Amino acid sequence: MTEAILLVGGKGTRLRPLTVYTPKPMVRAAGVPFLTHQLARARAAGVDHIVLATSYLAEVFEPYFGDGSALGLRMEYVTEEEPLGTGGAIRNAAAHLHSGPEEPVLVFNGDILTGLDIGALVDTHESTGADVSLHLTQVPDPRAYGLVPTDGAGRVLAFLEKPQTPEEIVTDQINAGAYVFRRSVIDTIPVGRPVSVERETFPDLLAAGAHLQGMVDSTYWLDLGTPAAFVRGSADLVLGRAPSPAVPGRCGDRLVLPTARVAPDAKLTGGTVVGEGAFVAEGARVSGSTILPGAVIEPGAVITDSLIGTRARVGERSILTGTVIGDGAVIGPDNELREGARVWCDAQIPAGALRFSSDQ
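If you're wondering where the values come from, they're calculated on a predicted model, not measured in any experiment.

Caption draft 1: Layout of the UniProt feature "domain: Nucleotidyl transferase" (unreviewed entry) in the protein chain. UniProt's entry tags residues 4-236 with the feature "domain: Nucleotidyl transferase" (unreviewed entry), counted in the numbering of this structure. In residues 4-236, the share of helix is 26% and the share of strand is 23%. The end C-alpha atoms are 25 Å apart.

Caption draft 2: Summary view of the side chain of Gln 38. Within the secondary structure, Gln 38 is located in helix α1 (residues 34-44). Every residue in contact with Gln 38, bar those within four places of it in the chain, is listed here: Leu 6, Asn 109, Gly 110, Asp 111 and Ile 112.

Caption draft 3: Main features of the packing of aromatic side chains. Summed over the entire model, instances satisfying the criterion amount to 7 aromatic pairs. Both rings, one in Tyr 64 and one in Phe 65, keep their centres 4.8 Å apart while their planes meet at 70 degrees; by these two values the pair is edge-to-face. Residue Tyr 64 is classed as partly exposed on the basis of its relative accessible area of 43%. With a centroid separation of 6.2 Å and an interplanar angle of 85 degrees, the aromatic rings of Tyr 179 and Phe 181 are classed as edge-to-face. Look at Phe 181 and you get buried, because its relative accessible area is 0%. Grouped by ring-pair contacts, the aromatic residues Phe 159, Tyr 179, Phe 181 and Phe 202 constitute a single cluster. The ring of Phe 279 carries Arg 261 above its face, with NZ or CZ at 4.4 Å from the centroid.

Caption draft 4: Molecular detail of the sheet that holds strand β17 (residues 285-287). Taken in spatial order, the 5 strands line up as β14-β17-β20-β23-β26 in an open sheet, and their pairing is parallel. Looking at the sheet topology across the chains shown, the edges are occupied by β14 (267-269) and β26 (336-337). Note: strand β20 (residues 302-304) against strand β23 (residues 319-321), 3 bridges, orientation parallel. Directly across from Thr 304, in β23, lies its bridge partner Thr 321.

Caption draft 5: Structural detail: empty space enclosed by the protein. For the coordinates displayed, the defined rule picks out 2 cavities of 30 Å³ or more. Lining the largest cavity are 16 residues, with Gln 38, Arg 41, Phe 108, Ile 112 and Thr 114 positioned closest to its centre. At the level of secondary structure, the elements contributing two or more residues to the lining of the largest cavity comprise α1, β6 (104-109), β7 (112-114) and β9 (173-182). A per-element tally of the lining of the largest cavity places α1 first, with 5 residues. In terms of residue class, the lining of the largest cavity is built from 10 nonpolar, 5 polar and 1 charged. Computed from the structure, the second largest cavity encloses a volume of approximately 30 Å³. In this structure, the second largest cavity is lined by Arg 28, Gly 31, Val 273, Gly 275, Glu 276, Thr 290, Ile 291, Leu 292 and Pro 293. Taken together, the residues of the lining of the second largest cavity sort by class into 4 nonpolar, 3 polar and 2 charged.

Caption draft 6: Representation of the environment of Gly 154. Structurally, Gly 154 is set in the loop between β8 (132-138) and β9. Expressed as a C-alpha distance, the spacing of Gly 154 and Pro 25, which sit 129 residues apart in the sequence, is 31 Å. If we skip the residues at most four places from it in the chain, Gly 154 touches Leu 212, Gln 213 and Gly 214.

Caption draft 7: Representation of the pattern of salt bridges within the structure. For the structure on display, the rule yields 16 salt bridges. With its nearest N and O atoms 2.7 Å apart, the salt bridge here joins Arg 193 to Glu 200. The partly exposed category is assigned to Arg 193, whose relative accessible area is 34%. Taking the relative accessible area as the measure of exposure, Glu 200 reaches 22% and is therefore partly exposed. A single network of salt bridges, built from pairs that share partners, joins Glu 102, Asp 131 and Arg 182.

Caption draft 8: Molecular detail of the sheet that holds strand β15 (residues 272-274). Pairing is parallel across the open sheet formed by 6 strands, whose spatial order is β12-β15-β18-β21-β24-β27. Of all the strands in the sheet, the pair left with one neighbour each is β12 (254-256) and β27 (342-343). By the bridge criterion, 2 bridges tie β15 to strand β18 (residues 290-291) in an arrangement that is parallel. Bridge pairing in β18 links Val 273 to Thr 290. With respect to the sheet, helix α7 (residues 227-239) is in contact with β12, β15, β18, β21 (307-308), β24 (324-325) and β27, its orientation differing from that of β15 by roughly 90 degrees.

Conventions adopted
- Residues numbered from 1 in each chain as written.
- Predicted model: local features only at pLDDT ≥ 70, side-chain atom pairs only at ≥ 80, totals over all residues.
- Heavy atoms only, no water.
- UniProt positions renumbered as here; feature names shortened; annotations may be inferred.
- Helix = DSSP H or I, 4+ residues; strand = E, 2+ residues; numbered from the N terminus.
- Contact = heavy atoms within 4.5 Å.
- Phe/Tyr/Trp six-rings, centres within 6.5 Å; stacked < 30°, edge-to-face > 60°.
- Buried < 20%, exposed > 50% of the residue type's maximum accessible area, 1.4 Å probe, protein only.
- Lys NZ or Arg CZ within 6 Å of the ring centre and 35° of its normal.
- Pairing = 2+ DSSP bridges.
- 1 Å grid on protein atoms, 1.4 Å probe; cavity = no way out; pocket = protein on both sides within 12 Å on 5 of 7 lines; lining within 4 Å.
- Points joined across faces, edges and corners; volume = space filled by probe spheres on them.
- Nonpolar A, V, L, I, M, F, W, Y, C, P; charged D, E, K, R; others polar.
- Salt bridge = Lys/Arg side-chain N within 4 Å of Asp/Glu carboxyl O.
- Axes fitted to C-alpha atoms, helices over the stretch in contact; angles between N-to-C directions.

The structure is reproduced here in structure tokens:
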């Protein structure tokens, strides 16, 4: 149906330490690299050629996905030597497109989990004759986002910065990070310098009288930019709340990958994932969490809404809530970590060293 560019070059700084050794789109969600879910949904919508615009840790993508044939895709890889921003990345990847000047090209941000009807966005783009069409979603509190008001026909009227006062909140519609470009419009983006589509390309097009069309689709949408959001997104994929044909198993309360071991009396709930080669010992309770490959959860540990990195270890009776444990880190027995705690890769916390409550 359509070619696509997938923007996967960001450093994922808000997700550290998850992204110290792994680019954000390759962090596992529901048992596979998050990018797999985006690729599978694009393929299901009829896309067969995708160009990945890479930068940070660019060398890890192609060895994993190859030419894309395992997913029914033709994939190519473009690497930015210096970060070019969203618009610059799109322009940099465009040399690998085969579409004609008037044909549609899909563009996706690599950190959005969404139930967007991709076909409907393309149909909207073509039926309205737009130069660029944007997926918009409605959020209860839009203060953290740029606002995109539209008229009664869905035509974009403005791009407004994050509102600072209640009076500035003129709509609850925000840019949801998926676009359809007329191929010729991509060619107008400046070459060889950083460009932001949100702050430069789209406002400039609007000022020049171009037709920018918004399509509001308020199905599932989540920006996976923070550890808490990433953990939630993975759990929602497992629970079936977020749609993806790439979840490697049946949706339900838990997803245990091949070669993982879970003790018979361990309790896994809330969309928990246990990765390949990981071990959850007797008496452990894990809810809404991601246990990455090779990690060990020792007896009696209680883990809630957390992510445990590759080959990390959580000691006996330790309690983790809303925390991220980096790859190879060791949390000794009888520790207690609460919301927002991040333990760096390969760090070691001795037994009983961190608590928020009495040790009695």
